[in-house]
Amino acid sequence: MTTYHLTVNGAPAEVDVPGMRRLLDVLREDLALTGTKEGCGEGECGACTVLLDGAPVDACLVPVCQADRGDIRTVEGLAAPASSPGAPAALDPLQAAFLVTGGAQCGICTPGMLMAGRAYLDAGGGPDHDAIREAIAGNLCRCTGYTKIVEAIALVAGAHP
Amino acid sequence: MSPVEPPVTSPTDLAAAYAALADPVSAAGRARPIAGGTDLMVALTGELGAPPATVVDLWRLDSLRGITLDGDVLVLGALTTYTDIRRSTTCGEHLPALVQAAMTIGAAQIQNRGTLGGNIANASPAGDTLPVLLAADASFILGSVRGEREVPAEAFWTGYRQTALAPDELVLRIRIPLRSGREMRFRKVGTRRAQSISKVVLGLAWRDHGEMPDTTGPPGAWRDVRLALGSVAATPIRARATEAVLEGRFPTPETADLAATTLADELHPIDDVRSTAEYRRLVAARIVHRLIREAGGW
Ligand SMILES: Cc1cc2nc3c(=O)[nH]c(=O)nc-3n(C[C@H](O)[C@H](O)[C@H](O)COP(=O)(O)OP(=O)(O)OC[C@H]3O[C@@H](n4cnc5c(N)ncnc54)[C@H](O)[C@@H]3O)c2cc1C
Ligand code: FES
Ligand code: FES
């Protein structure tokens, strides 16, 4: 066991775990942030995508020792906290766009899609559908056929889907 | 299916990493290095064989990062990621084929973590950068408690998933000599654009006689031809018979036909889950034919 210091969604988090524990398990099991999903556990599906120091990574492939002192963003960190108890959380524009275009069906891929899309937008990505498709090429969706997800990201990037 | 969590150390300097790797083999087995983890973390599931007993994390070894020019040699640290390669103007200018290879590997999540050193040490016959490194006459600087040594890419992959690395040795740097007048092409054939393992991957390099200051002869003839392929044998290989056919020739239709038939004869790939031997042979021959046609402008 070693103590690792992470920043998760802006707040410091300290975990005392084996260094080879997957960041995915640290988030889900040790920090109870179950928004990040496990699909394949081997880097193929992107359901576990989180941002590590701003870059999208598969949390199932990152041992927590490599995330020490890192800045981690998960799907839980997208919406701004509700302004008062009981009030609805203020969704990230990308989450709102998924609702507009119908970008989520069963939802298992959605947290990873949102994080990959957020990284693309944060890097200044535009509404070009080909570029968006490249940005989410590491995220599988078995429900939507991708079009509505691409349209949601394009919507936020400033174009008409 | 909970993955195992072997003990890990995260050294911040090479000497400590060497020492951790050289630790006498414990009952559980020797320590394995982890770089970006995109191959090694999958091994923790135990589905691909015994997972490592202990792990040495290389990620904090900043001396193994960076892309620089050392005279007319391009030097890449082993921890250079595919994203680093894609963003590097030095690579873009001097070795665009490597940038193209990096762009085809996995997708963004894999490119942000996966390293060039990991691709080399993992020694998959389908490793997409490996044909580029072979075609570019790359060599690798290896290091251990015993010091450093240089091994040419040609001598590095010794058998299926086997390398010239000693168990306690690291890939430190990749050195690629830049040659005047050298052209290089990269092609990968997979089932889809992203996240797919190659059915055939190749790098083709040649020097245009007319642009080589150190020789005389008609411009346009090919010299120093290198044709390297992945996913067609137990290791990445050079197709020497095809190289010999191309050496000194012009990129004409006759040359293309001859090279394609020579290559189809020379390759002995296997059938596996990703493709068939016949498909691989035909596709490799056709790609080379097309690259020669494009170079010849006909
Ligand atoms: C979803 C997915 C898609 C992929 N797509 C592709 C693809 O399209 N093309 C492709 O070629 N590969 C692909 N890969 C494989 C992998 O991403 C690459 O081989 C990558 O370059 C491995 O680098 P790494 O730093 O992640 O290696 P790691 O997983 O950290 O290590 C790989 C192996 O090399 C050893 N090692 C690592 N660094 C060193 C070093 N410096 N010295 C000595 N030994 C070392 C480790 O001990 C281990 O055995 C894919 C993997 C996944 C999970
Ligand atoms: S669970 Fe990590 S990529 Fe599928
Ligand atoms: S919404 Fe079901 S997998 Fe994407």
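Residues numbered from 1 in each chain as written. Chains lettered and ligands numbered in written order. Predicted model: local features only at pLDDT ≥ 70, side-chain atom pairs only at ≥ 80, totals over all residues. Heavy atoms only, no water.

1. Considerations on the overall build of chain A
- Of the regular secondary structure elements, chain A holds 5 helices and 5 strands.
- Listed N to C, the secondary structure of chain A is β-β-α-β-β-β-α-α-α-α in terms of helices and strands.
- In terms of overall dimensions, chain A is globule-like: its C-alpha atoms have a radius of gyration of 16 Å, near the 15 Å expected for 161 residues.
- Its C-alpha atoms give chain A principal-axis dimensions of about 50 × 40 × 30 Å.
- Sorting the 161 residues of chain A into buried and exposed places 51% on the buried side. (Helix = DSSP H or I, 4+ residues; strand = E, 2+ residues; numbered from the N terminus. Rg over C-alpha atoms; globule rule 2.2 N^0.38 Å. Buried < 20%, exposed > 50% of the residue type's maximum accessible area, 1.4 Å probe, protein only.)

2. Concerning empty space enclosed by the protein
Residue and element names in this part refer to chain B.
- If you walk through the whole model with that rule in mind, you get 1 cavity of 30 Å³ or more.
- Considered as a void within the structure, the largest cavity measures approximately 50 Å³ in volume.
- Lining the largest cavity, in full, are Ala-135, Asp-137, Arg-179, Arg-182, Ala-205, Trp-206, Arg-207, Asp-224 and Arg-226.
- Of all the elements in the fold, those that place two or more residues in the lining of the largest cavity are β12 (200–208) and β13 (222–230). (1 Å grid on protein atoms, 1.4 Å probe; cavity = no way out; pocket = protein on both sides within 12 Å on 5 of 7 lines; lining within 4 Å. Points joined across faces, edges and corners; volume = space filled by probe spheres on them.)

3. Concerning the pairing of strand β6 (residues 139–144) of chain B
Residues and elements named next belong to chain B.
- Burial analysis of β6 places 6 of its 6 residues in the buried class, the great majority of the element.
- Here β6 pairs with strand β7 (residues 147–152) via 6 bridges, running antiparallel. Of the residues in β7, the one forming a bridge with Gly-143 is Glu-148.
- As consecutive antiparallel partners, β6 and β7 are separated by 2 residues.
- Here β6 runs beside strand β10 (residues 170–177); their pairing, made up of 5 bridges, is antiparallel. From the neighbouring strand, Leu-142 faces β10, where its bridge partner is Val-171. (Pairing = 2+ DSSP bridges.)

4. A look at the nonpolar core
- Within the largest apolar cluster, 72 residues are counted, with the highest numbers of intra-cluster contacts made by B:Leu76, B:Ile85, B:Ile120, B:Phe140 and B:Ile174.
- Grouped together as the second largest cluster of nonpolar side chains are 24 residues, A:Ala97, A:Leu114, A:Tyr120 and A:Val150 included. (Core = buried A, V, L, I, M, F, W, Y, C linked by side-chain atoms within 4.5 Å.)

5. Quick look at the sheet that holds strand β5 (residues 71–73) of chain A
Residue and element names in this part refer to chain A.
- Taken together, the 5 strands give an open sheet; going across it, the order is β2-β1-β5-β3-β4, and neighbouring strands pair in mixed fashion. The open sheet terminates on both sides in strands that have one partner only, identified here as β2 (11–17) and β4 (55–58). Neighbour to neighbour, the strand axes of the sheet diverge by 40° on average, direction disregarded.
- The pairing of strand β1 (residues 2–8) with β2 spans 7 bridges and is antiparallel. Residue pairing in the sheet places Tyr-4 in a bridge with Val-15 of β2. (Axes fitted to C-alpha atoms, helices over the stretch in contact; angles between N-to-C directions.)

6. Some words on the packing of helix α10 (residues 253–266) of chain B against helix α11 (residues 277–296) of chain B
Residues and elements named next belong to chain B.
- Interaxial distance between α10 and α11 falls to 8 Å at its minimum, and their mutual angle equals 160°. By the angle between their directions, the pair α10 and α11 is classed as roughly antiparallel. Taken as a pair, α10 and α11 cross one another with a handedness that is right-handed. Here α10 contributes Thr-255, Ala-256, Asp-257, Ala-259, Ala-260, Leu-263 and Ala-264 to the contact with α11, which in turn contributes Arg-281, Ala-284, Ala-285, Val-288, His-289 and Ile-292.
- Of the residues belonging to the contact of α10 with α11, the class tally is 9 nonpolar, 2 polar and 2 charged. (Parallel < 35°, antiparallel > 145°, perpendicular 65-115°, else oblique. Left-handed = near helix turned anticlockwise from the far one by under 90°. Contact = heavy atoms within 4.5 Å. Nonpolar A, V, L, I, M, F, W, Y, C, P; charged D, E, K, R; others polar.)

7. Comments concerning the sheet that holds strand β4 (residues 67–70) of chain B
Residues and elements named next belong to chain B.
- Strand order in the open sheet made by the 5 strands is β4-β5-β10-β6-β7, with antiparallel pairing throughout. Of all the strands in the sheet, the pair left with one neighbour each is β4 and β7. The sheet shows a mean angle of 25° between the axes of neighbouring strands, taken without regard to direction.
- When strand β5 (residues 73–77) meets β10, the two strands line up antiparallel, connected through 5 bridges. Directly across from Val-75, in β10, lies its bridge partner Arg-175.

8. A closer look at the packing of helix α3 (residues 110–122) of chain A against helix α5 (residues 147–157) of chain A
Residue and element names in this part refer to chain A.
- Contact pair α3 / α5: the axes reach a minimum separation of 11 Å and the direction vectors enclose 35°. Here α3 runs over α5; the crossing is right-handed. Two secondary-structure elements touch here, α3 through Met-113, Gly-117, Tyr-120 and Leu-121 and α5 through Ile-149, Ile-153, Val-156 and Ala-157.
- Grouping the amino acids of the contact of α3 with α5 by side-chain chemistry returns 7 nonpolar, 1 polar and no charged.

9. A short note on the domain arrangement of chain A
Residues and elements named next belong to chain A.
- Looking at the assigned domains, one finds that chain A contains domain 1 (2–77) and domain 2 (93–157).
- Contacts between domain 1 and domain 2 engage 14 residues on the former and 13 residues on the latter.
- In total, domain 1 and domain 2 occlude about 1000 Å² of area from one another, counting both sides; carbon and sulfur atoms represent 65% of this.
- When the buried surface of domain 1 facing domain 2 is broken down by residue, Thr-49, Leu-51 and Val-75 rank first, second and third, together holding 37% of it.
- Between Arg-73 and Asp-122 there is a salt bridge, with its nearest N and O atoms 3.6 Å apart.
- Classifying every residue of the side of domain 1 that touches domain 2 gives 6 nonpolar, 5 polar and 3 charged. (Domains from an automatic or database assignment. Buried area = accessible area lost by both parts, 1.4 Å probe. Salt bridge = Lys/Arg side-chain N within 4 Å of Asp/Glu carboxyl O.)

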